[in-house]
Amino acid sequence: MSTISKADVVVIGGGIVGAAVARELSRYQLDIVLLEAETDIAMGTSKANSAILHAGFDAKPTCWKARLNVLGNALYRQLQDELKLHIGWTGSLVVAKDPVDMAVLEELLVRGQQNGVNGLALLGRDEVLAREPNLASDITGALWAPTAGIICPFGATFAFAENAIRNGATLLRETPALDIVVENGRVAGVRTPQGVINTKFVVNAAGVRADDIARLAGDESFTIQARKGEYILFDRSVRNLVNSVIFPAPSKISKGILIAPTVHGNLFIGPDAQNIDDKTDIAATGNGMDRVITGARRLVPNLPLQAAITQFSGLRATAEDGDFILRESEAARGLVHAAGIQSPGLTAAPAIAQVVSALLKEAGLKLSEKRDFNPANPLKPAFQELSWEQRSSLIASNPLYGRVICRCETVTEAEIVAAIHSPCGARTVDGVKRRVRAGSGRCQGGFCGPRVTAILARELNIPMTEVRKDSIDSRLFFDKLPGNCEVPAHE
Amino acid sequence: MNKQFFDVAIIGGGPAGLAAALSARKAGAKQVVILERDVELGGILQQCIHNGFGLHRFQEELTGPGYAGRFVRMVRADTGITVYTEAMVLEVAKDKTIWAVSPTLGLIQLSARAVIFAMGCRERTRGAIRIPGYRPAGVFTAGAAQRMVNMEGFLPGKNIVILGSGDIGLIMARRMTLEGAKVQAVVELMPFSNGLTRNVVQCLEDFAIPLHLSHTITFVHGRERVTGVSVAAVDANRCIVPGSEFYLPCDCLLLSVGLIPENELSRAMDICLDGLTNGPVVDQYRQTCVSGFFAAGNVVHVHDLVDFVSEEGDIAGRSAALFANGELPLEKQYINVKAETGIRTVVPQRISLPTAAGEKVRLFMRAQEPLTRSTLTITTTAGKLVERKLPVAKPGEMIVADISTEKISPDSQEIIVTLLPQSLGGA
Ligand SMILES: Cc1cc2nc3c(=O)[nH]c(=O)nc-3n(C[C@H](O)[C@H](O)[C@H](O)COP(=O)(O)OP(=O)(O)OC[C@H]3O[C@@H](n4cnc5c(N)ncnc54)[C@H](O)[C@@H]3O)c2cc1C
Ligand SMILES: Cc1cc2nc3c(=O)[nH]c(=O)nc-3n(C[C@H](O)[C@H](O)[C@H](O)COP(=O)(O)OP(=O)(O)OC[C@H]3O[C@@H](n4cnc5c(N)ncnc54)[C@H](O)[C@@H]3O)c2cc1C
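Residues numbered from 1 in each chain as written. Chains lettered and ligands numbered in written order. Predicted model: local features only at pLDDT ≥ 70, side-chain atom pairs only at ≥ 80, totals over all residues. Heavy atoms only, no water.

A. A look at the pairing of strand 1 (residues 4-11) of chain B. Residues and elements named next belong to chain B. The buried count for strand 1 comes to 6 of 8 residues, which makes it a mostly enclosed element. Taken together, the 7 bridges between strand 1 and strand 8 (residues 106-117) define a ladder with parallel strand orientation. Considered in strand 8, the bridge of Phe-6 is made with Ala-112. Two elements, strand 1 and strand 2 (residues 32-35), share 4 bridges in a ladder whose sense is parallel. In the sheet register, Val-8 faces strand 2, and the bridge partner there is Val-32. The β-α-β motif built from strand 1, the intervening helix 1 (residues 15-26) and the parallel element strand 2 has right-handed crossover chirality. (Buried < 20%, exposed > 50% of the residue type's maximum accessible area, 1.4 Å probe, protein only. Helix = DSSP H or I, 4+ residues; strand = E, 2+ residues; numbered from the N terminus. Pairing = 2+ DSSP bridges. Right-handed = clockwise from strand over helix to strand, strands pointing away.)

See below:
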């Protein structure tokens, strides 16, 4: 597999943070390697979160979270066109139900203004209900934040990584960092199952595993507690229930259970918060779902539970003091941590990438700009969104555009083939789903799953029995056993 | 792209669509078109290689492909029927323009005088029933697994648990056993099976596969591939009985938890849907609430016998042809047919008047819950239309009754259908 034996920088972790860092570094004349342990990037926290580009009024003004949230939100406005990101600038409402909540909203307003969030406003009950008629009638007011938005979080991760690869970075999947070689207090290499990659600079963007990565380099300065959050996703038929992101007034520990539209026109509720010891535990639980439903009903009483199409959960990577950990390791120079990246990590990612780049420079990495850096990704046609004329000419150019594989989301074979063969292309059934939405509709792949499996087998030139759903050992089918027990056909 | 014109356009080439095409031709439609998104005609029957099809229609036990084959040959032999396969209909407009795409023909745009929806149904998934646990490989809907085993030759698992005892779940229990897999159990939430009695006997009892009634799956274990499921008993309110949980190791969970009529196209056109069948509200001609649009088969309500699907296709095809030729009686009034005590759904949901002399209307009903020795009554304000004793009634087996329309007058208001235990229902 990997024949790479040296690099200027090794980035560990293919989540939104690792991908944004790789893309930021690809502006410079550097050999960059992005390591991901799993079959694909965006399989950790970056695939399961609230997908909100927060406005930035939650965090205390002095911390990283506050600064990088507001900066990240602004950066996404530039990146949207360049990277062809799916973003909806819907705005958000934090709703209050009593005088205590109202006091919280006022605090948030002041804090937001200190953080530099534009356009915040307190709305009265009638104004709120005019915007969002399905909200509970006992609300008393809300904080309106026009700069908040919604994004496709895995789409954004793919977009950053793809752009990094277009600009020369190398992505190695199914390649976990097993050890960090440290010589005389400085990073000297990263050991992987394919051998050691010699490097002087490592970025630790391993999400909930960032403390384990630090320990590989002898750095015990922080630990990460995983905190699970569960969600329920609804069908597009109920998309009009809310128009913007709706939060309850926050408590001390969490932003609470929210209800929001997604960029693909679905709706979701969640998350709750459960501290867990097992960092691989992303199981949906009965209690979690009950909590999420109870919480969401406080915002929207008439929840369309029969329109649920799936459940999922994500793990927050919480550090002790609650802020992002962005610094060079004292135990291993050249190792830069991007750890404890909990919410608003998705929003902050492009800003985190700039900070990491500056930290690497301080640590001695030479950054000289590349003349031919291309900041843009090409536009990929989404068949569903095109006019009949455009569809017609696409099919004329490539007949596979005329074969609809996913009925629910109208995804064609051509789009699936393109998703497999693009830079950081899909290798698994869920990888296809996250790139082009085949299987993410109301039948959840019941019809197209086997067909996508067959297309993957053909395009990757592997047997059907080797195609995986998502993670490394998630093979889907066995060969049919030989047998002579067919029921005889009568005709 | 030049637009083509047809008398009747049929969306879906399963048994409903095939029967509709033939009967439309018989009733005088000159140009009929079937649009089918799959590579061949036949619909769900292609993957049903077990026998038991056609007992009513052909007095023979055919396999699914055998039954479909008879219709496909008749359709192919009729030059007045155009068939487009690999043609997925994406949009239908109120003026009966239809847009479809195909890899060989590109964009297909056509116009019809009458349209028949025959899109069948899809399976309910895990997400809709919220089973806790991980999302590993090895959780499949039973229909998807059936297609893989019977048509593609791949096994979804070797050690299997099935949730849901409808016909597909039962048939797959036998199918997987015949393929050499071990079926640990079929788990059913309700206190009764939703499948045909003959399938419970022939697919489970004959193979000694345990059926756990009033049980559900409470957790899916395994992170990458399924390693087992937790099963628990439920009480009369379908709440889990504490302490009843047990573990079944398996590498595959098949879900057979309900079929939902595929009405995306109908919904986009604001065709009125019935909240219980999930299909369009239709009259005895299978006309929907939008004039000139008809529906038949699983798109209207889920059937357990293909013979009834073909029969419904016949009705829709004939009515659509008459409509296209301006010969379908124009309705002046509707009488609603309502399911009350003991009956969950009834199709057609309304009868359009005036009816023709001697016209009979066949009602298709599903029982609310299993009853032994019950009485089916169909009444209007003017009096009883039908009273019949049923030795057994099961939600899984459609109840069929014919009513003659002579007794239905414009001032009958509604027709009410009930199913009562004989002790209560008199008789
Ligand atoms: C419930 C919840 C809701 C959230 N909502 C929001 C929100 O609305 N808005 C917002 O801005 N933020 C939100 N966040 C936060 C945001 O999702 C995270 O901050 C962000 O996804 C973190 O990205 P990451 O790249 O650090 O981690 P991850 O996405 O977890 O990436 C880490 C990667 O490292 C890989 N890895 C681990 N170990 C190794 C190894 N040894 N070798 C190689 N690779 C390895 C993992 O496989 C993984 O892919 C939310 C988070 C949660 C949990
Ligand atoms: C597993 C199983 C076992 C069964 N066993 C028996 C049995 O033993 N005996 C018996 O009598 N009955 C049995 N049945 C019941 C009966 O066969 C079915 O109910 C019947 O075949 C349904 O016919 P249909 O034409 O309504 O739908 P389908 O057969 O589902 O056909 C619908 C067709 O429409 C097409 N379509 C849908 N949308 C579009 C679109 N937008 N554009 C183009 N085409 C589209 C689909 O591709 C499909 O071919 C069984 C059913 C199942 C599922």
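B. Just the environment of Met151(B), in detail. Residues and elements named next belong to chain B. Structurally, the position occupied by Met-151 is in helix 4 (residues 142-152). Sequence-wise, Met-151 and Gln-46 are 105 residues apart; in three dimensions their C-alpha atoms are separated by 8.2 Å. Not counting chain neighbours up to four residues away, the residues in contact with Met-151 comprise Glu-40, Gln-46, Gln-47 and Gln-146. (Contact = heavy atoms within 4.5 Å.)

C. Expanded view of the state of the cysteines. What the rule picks out here adds up to 1 disulfide over all chains. There is a disulfide in this structure between Cys272(B) and Cys289(B), and the S-S distance comes to 2.1 Å. On the sign convention where negative is left-handed, the bridge of Cys272(B) and Cys289(B), at about 105 degrees about the S-S bond, is right-handed. Here the residue Cys272(B) occupies a position in the loop between helix 7 (264-268) and strand 20 (293-295), and Cys289(B) occupies one in the loop between helix 7 and strand 20, the gap between them amounting to 17 residues. The class for Cys272(B) is partly exposed, based on a relative accessible area of 34%. Using a relative accessible area of 28% as the deciding quantity, one classes Cys289(B) as partly exposed. The thiol sulfur of Cys152(A) is not disulfide-bonded, and the nearest other cysteine sulfur, from Cys424(A), lies at 13 Å. Residue classification places Cys424(A) among the buried residues on the basis of a relative accessible area of 7%. (Disulfide = S-S within 2.5 Å.)

D. Structural view of the site of ligand 2. All names here are of chain B. Residues in contact with ligand 2 amount to 34 residues; listed here are only the nearest, Ala-16, Glu-36, Ile-44, Asn-298 and Val-306. Note that an oxygen atom of ligand 2 is positioned 3.2 Å from one of the backbone N or O atoms of Pro-15. Measuring from a nitrogen atom of ligand 2, one finds a backbone N or O atom of Gly-52 at 3.2 Å. Burial of ligand 2 by the surrounding chains reaches 95%, relative to a free accessible area of 1000 Å². Listing elements by their share of the shell around ligand 2, those giving two or more residues are helix 1, strand 3 (51-53), strand 6 (88-92) and helix 8 (306-324). Here the shell around ligand 2 takes 3 residues from helix 8, the largest share from any one element. (Near = heavy atom within 4 Å. Polar contact = N/O pair within 3.5 Å; in protein donor to acceptor, adjacent residues only side chain to side chain. Areas by Shrake-Rupley, 256 points an atom, 1.4 Å probe, with all protein chains shown as cover.)

E. Structural context of the domain arrangement of chain B. Residues and elements named next belong to chain B. Split by domain assignment, chain B resolves into domain 1 (1-121 + 262-328), domain 2 (125-255) and domain 3 (332-426). With centres defined by C-alpha atoms, the gap from domain 2 to domain 3 works out at 35 Å. Counting residues at the interface gives 6 residues for domain 2 and 6 residues for domain 3. For the pair domain 2 and domain 3, the two sides together bury roughly 480 Å², of which 55% comes from carbon and sulfur. Across the contact surface, domain 2 and domain 3 share 3 residue pairs in polar contact (both at pLDDT 80 or more). Among the residues making up the side of domain 2 that touches domain 3, the classes are represented as 2 nonpolar, 4 polar and no charged. (Domains from an automatic or database assignment. Buried area = accessible area lost by both parts, 1.4 Å probe. Nonpolar A, V, L, I, M, F, W, Y, C, P; charged D, E, K, R; others polar.)

F. Region of interest: the side chain of Gln349(B). You can see Gln349(B) is positioned in the loop between strand 22 (343-347) and strand 23 (350-353). Among the polar contacts listed, one links the side chain of Gln349(B) to the side chain of Asp274(B), at a separation of 3.0 Å.

G. Here's a closer look at the interface of chain B and chain A. Contacts between the two partners involve 56 residues from chain B, matched on the other side by 55 residues from chain A. The largest contributions to the chain B side of the interface with chain A come from Arg130(B), Arg135(B) and Glu224(B), which together make up 14% of the buried area. There are 3 salt bridges connecting chain B and chain A. Between Asp278(A) and Arg223(B) there is a salt bridge, with its nearest N and O atoms 3.1 Å apart. Two elements, strand 24 (residues 478-479) of chain A and strand 11 (residues 154-155) of chain B, share 2 bridges in a ladder whose sense is antiparallel. Its bridge partner being in strand 11 of chain B, Phe478(A) is matched across the sheet by Leu155(B). (Salt bridge = Lys/Arg side-chain N within 4 Å of Asp/Glu carboxyl O.)

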